[in-house]
Amino acid sequence: MRVVIERVLVSVALLALWQGLPAVGLGDRFFISSPVAVASLIWDWISSGELIANVWVTAREAVFGLVIGSALGAVFGLACGLNDAISRALVPLMTVGNALPRLAFAPLLIAWFGFGLSSKVVLAASVVFFFIFFGVYSGIRSGSGLLVANARILGGRGLALLWHVHLPQAIGWIIAGLRLAVGYAFAAAVIGEYLGSDSGLGYLIEYGKEMLDMTQVFAGLAVVMVIVGCLDVILRRVGTYARRSTAVP
Amino acid sequence: MRRSGRMVRVRRILGAASPWLIVVMLLLAWQGATDFGFADPRYLSRPSTVAALIWEWVRTGFILRHVEVTVVEVLVGYSAGTVAGMLVAFGFFFFPRVAALCDPMVVVLNAAPRAILAPFAVLLFGIGVLSKMMLVLLAVFTITLLNLYAGLKEVDRTIVDNARVMGAGQRDLARHVYIPAALVWIVSAMRISIGQAFTAAIVCELLGATEGLGWIVAAGQSAVKPDWIMAGLFFAAAIVVVVDFLVLAPLERRGSHWRVF
């Protein structure tokens, strides 16, 4: 409890410093804006409905990307985890793909898929794919071979083997991958919007940058950070819960 | 017997070659689709055009300056970020009260890839190299801090207690226990952060720069020249892959031998 109070005090002190420094001649309002201006701009966005509309655009891109990327990642992860020939062909490619700076590929995707929804969905999916792929693949590969062999001897085949043996062993890895993927899907949507869009949170931030309006950049980033931060905290709780309730046999 | 031995060998070679086969097939499909009119080369470009452009950039030396700019931005930000992350991680570790106070800020910093802050960096530090260095610094700092702090907390209590019993003070502990233990975590953080460092630098260059690989890509985007975008991304990807697989991966593998604790 005491630490919570102290944290709040530190945050308030930092905000006060941010608000007060330009008044005593340190720092320029033009560059660092002020918390009051940022808060009132966010309030304007909320009351005019602009915030909800733009959050909706970005969230839709992130969710579509998350769903498509997770589905593809799970399919490829399963194929590589369960089949040696496929894993020998694909895993080296995936390792290289995972090392690439994928967010930098946004201009290419915008050139291919246009300014609208689909280019951001593809960008988000391409980021999510690798988290889920490696979550599923490593989850299956790091599982106990003894357990799988025993289940086979007892007649475990196909879906039953997957559901009762592989999945419980992989769930921790999958959840860890998913937790990272959510934040990154959202960020990928925002970065895609920086590079070509006409709505969304990334558009608001980029527009602020073009207008040299630091208040708008801060306000947009604050909204993104709060959303991603909340998602992270929620998913961490869910992850702990899921791991506890699906304990490995 | 001999026959099956040959079969095994053929299958092994096929297995090792299959990733390359897939890449070659994809490139051929792309070339074929654009050559025979299934796809529009104005948007998709084609492998032969991109390869020719890459070769021309290498031959004329045009690419050298831009590679140099991006690499210098990453190097400066990366080194500064690693050092800053190490210092703060040790600070957090030896002063847990400070760590508890700063925890919410670290969570916020860590929640999203730092490349998202690129417009902020460009506006605050301009379109020169400084904004890219700062963004890379922030990205690398966060990763190093979190990895190293988590690693330090995992140092075995028994070893620490034994060292204390043998009369080690705080300084001896840091020198003989914590710093050697930290090396492994620092190397692993360096490997994780190299990709993010390049991403941060290139995304920042996309949003406002006058040179660098990201600028090439952005120029290709605004002039609708997909071959420029792809050739620029090719160099970015090539540098990351070379650094990661030839420098940091062997370093990390070797690092696991140092892991005494």
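The structure presented is a predicted model; accordingly, all values stated were derived computationally and were not measured.

Asker: Please provide a residue-by-residue account of the overall build of chain B, values included.
Answerer: Counting secondary structure elements, chain B contains 11 helices and 0 strands. Dimensions of chain B along its principal axes, counting C-alpha atoms only, are 75 × 70 × 30 Å. Across the 261 residues that make up chain B, the buried fraction comes to 40%. Within chain B, contacts between residues at least 6 apart in sequence are counted, and of these 74% link residues at least 24 apart.

Asker: Which residues make up the overall build of chain A, and what values go with them?
Answerer: Each helix and strand in chain A was counted, giving 11 helices and 0 strands. Compactness check: chain A gives a C-alpha radius of gyration of 22 Å against a globular reference of 18 Å for 249 residues, more than 25% above the reference. Dimensions of chain A, computed from C-alpha atoms along their principal axes, come out at roughly 75 × 50 × 30 Å. Going through the 249 residues of chain A one by one, you find that 42% of them count as buried. Taking the contacts inside chain A whose residues are at least 6 apart along the sequence as the reference set, 74% of them involve residues at least 24 apart.

Asker: So what's going on with the interface of chain A and chain B? Which residues, and what values?
Answerer: Each side of the interface is counted separately: chain A has 42 residues, and chain B has 41 residues. Those elements that place two or more of their residues in the side of chain A that touches chain B are helix 1 (2–20), helix 5 (84–99), helix 6 (106–113), helix 9 (158–194), helix 10 (201–210) and helix 11 (214–245) of chain A. Here the side of chain A that touches chain B takes 8 residues from helix 11 of chain A, the largest share from any one element. Its residues assigned to classes, the side of chain A that touches chain B comprises 34 nonpolar, 2 polar and 6 charged.

Asker: Go over helix 3 (residues 47–60) of chain B, please, and point to the residues and values.
Answerer: All names here are of chain B. In this model, helix 3 (14 residues) spans 20 Å end to end at C-alpha, consistent with the 20 Å of a helix rising 1.5 Å per residue. Those residues of helix 3 not exposed but buried are Val50, Leu53 and Trp57. When helix 3 is viewed along its axis, its buried side chains cluster within an angular range of 60° and face the same direction. Exposed residues on helix 3 whose side chains face more than 90 degrees from its buried face are Trp55, Glu56, Val58 and Arg59.

Asker: Can you lay out the packing of helix 6 of chain A against helix 7 (residues 117–141) of chain A for me, pointing to particular residues and giving the numbers?
Answerer: All names here are of chain A. Where helix 6 contacts helix 7, the two axes come as close as 8 Å, and the packing angle between them is 140°. Taken together, the axes of helix 6 and helix 7 are oblique relative to one another. The hand of the helix 6/helix 7 crossing is right-handed. The residues of helix 7 that touch helix 6, namely those facing Ala106, Leu109, Ile110 and Phe113, are Ser118, Ser119, Val122 and Leu123. Here the residues of the contact of helix 6 with helix 7 are counted per class, giving 6 nonpolar, 2 polar and no charged.

Asker: So, the packing of helix 7 (residues 129–153) of chain B against helix 9 (residues 170–207) of chain B: which residues are in play, and what are the values?
Answerer: All names here are of chain B. Two numbers describe how helix 7 lies on helix 9: the axes approach to 7 Å, and their chain directions differ by 150°. The angle between the axes of helix 7 and helix 9 places the two elements in the roughly antiparallel class. Between helix 7 and helix 9 lies a crossing whose hand is right-handed. Residues that form the contact of helix 7 with helix 9 fall into these classes: 17 nonpolar, 7 polar and 2 charged.

Asker: Describe unusual backbone geometry, with residues and values.
Answerer: Residues and elements named next belong to chain A. Phi is positive for serine 33, which is not a glycine, with a value near 50°. In this fold, serine 33 is placed in the loop between helix 2 (29–32) and helix 3 (35–48). By the C-beta count within 10 Å, which is 23 here, serine 33 ends up buried. Not every positive phi belongs to a glycine, and leucine 212 is a case in point at roughly 55°. Position of leucine 212 among the secondary structure elements: in the loop between helix 10 and helix 11. A tally of 11 C-beta atoms within 10 Å means that leucine 212 is categorised as exposed.

Asker: Give a detailed account of the nonpolar core, specifying residues and quantitative values.
Answerer: One finds A:Ala124, A:Val128, A:Ala185, A:Ile191, B:Val136 and B:Val203 to be the most contacted residues of the largest nonpolar core, which totals 135 residues. Examining the composition of this core, we find that 17 residues originate from one element, helix 9 of chain B, more than from any other.

Asker: Could you give an account of the confidence of the model for chain A, with specific residues and numbers?
Answerer: Across chain A, pLDDT averages 86, with 98% of residues at or above 70. When the elements of chain A are averaged for pLDDT, helix 2 of chain A gives the smallest value, 78, and helix 4 (residues 50–82) of chain A the largest, 92.

Asker: Help me get a handle on the confidence of the model for chain B, residues and values and all.
Answerer: All names here are of chain B. Per-residue confidence for chain B gives a mean pLDDT of 85; residues scoring 70 or more make up 96%. Mean pLDDT across the secondary structure elements of chain B bottoms out at helix 2 (residues 41–44), with 78, and peaks at helix 4 (residues 62–94), with 92. Reported confidences for the modelled complex are a pTM of 0.86 and an ipTM of 0.84.

Asker: Explain the environment of A:Ser144 residue by residue, including any values.
Answerer: Tracing the backbone shows A:Ser144 in the loop between helix 7 and helix 8 (145–153). Distance from A:Ser144 to A:His166, taken between C-alpha atoms, is 9.1 Å for residues 22 residues apart in sequence.

Asker: Outline the environment of B:Ala39, supporting the account with residue identities and numerical values.
Answerer: Looking at the element boundaries, B:Ala39 is found in the loop between helix 1 (2–35) and helix 2. The residues touching B:Ala39, leaving out its near neighbours within four places in the chain, are B:Ala33, B:Thr34 and B:Leu44.

Basis of the calculations
- Residues numbered from 1 in each chain as written.
- Chains lettered and ligands numbered in written order.
- Predicted model: local features only at pLDDT ≥ 70, side-chain atom pairs only at ≥ 80, totals over all residues.
- Helix = DSSP H or I, 4+ residues; strand = E, 2+ residues; numbered from the N terminus.
- Buried ≥ 20, exposed ≤ 12 C-beta atoms within 10 Å, placed from the backbone.
- Contact = placed C-beta atoms within 7 Å.
- Rg over C-alpha atoms; globule rule 2.2 N^0.38 Å.
- Nonpolar A, V, L, I, M, F, W, Y, C, P; charged D, E, K, R; others polar.
- Expected span 1.5 Å × (residues − 1).
- Arc of directions from axis to C-beta.
- Axes fitted to C-alpha atoms, helices over the stretch in contact; angles between N-to-C directions.
- Parallel < 35°, antiparallel > 145°, perpendicular 65-115°, else oblique.
- Left-handed = near helix turned anticlockwise from the far one by under 90°.
- Core = buried A, V, L, I, M, F, W, Y, C linked by C-beta atoms within 7 Å.
- pLDDT = per-residue confidence, 0-100.

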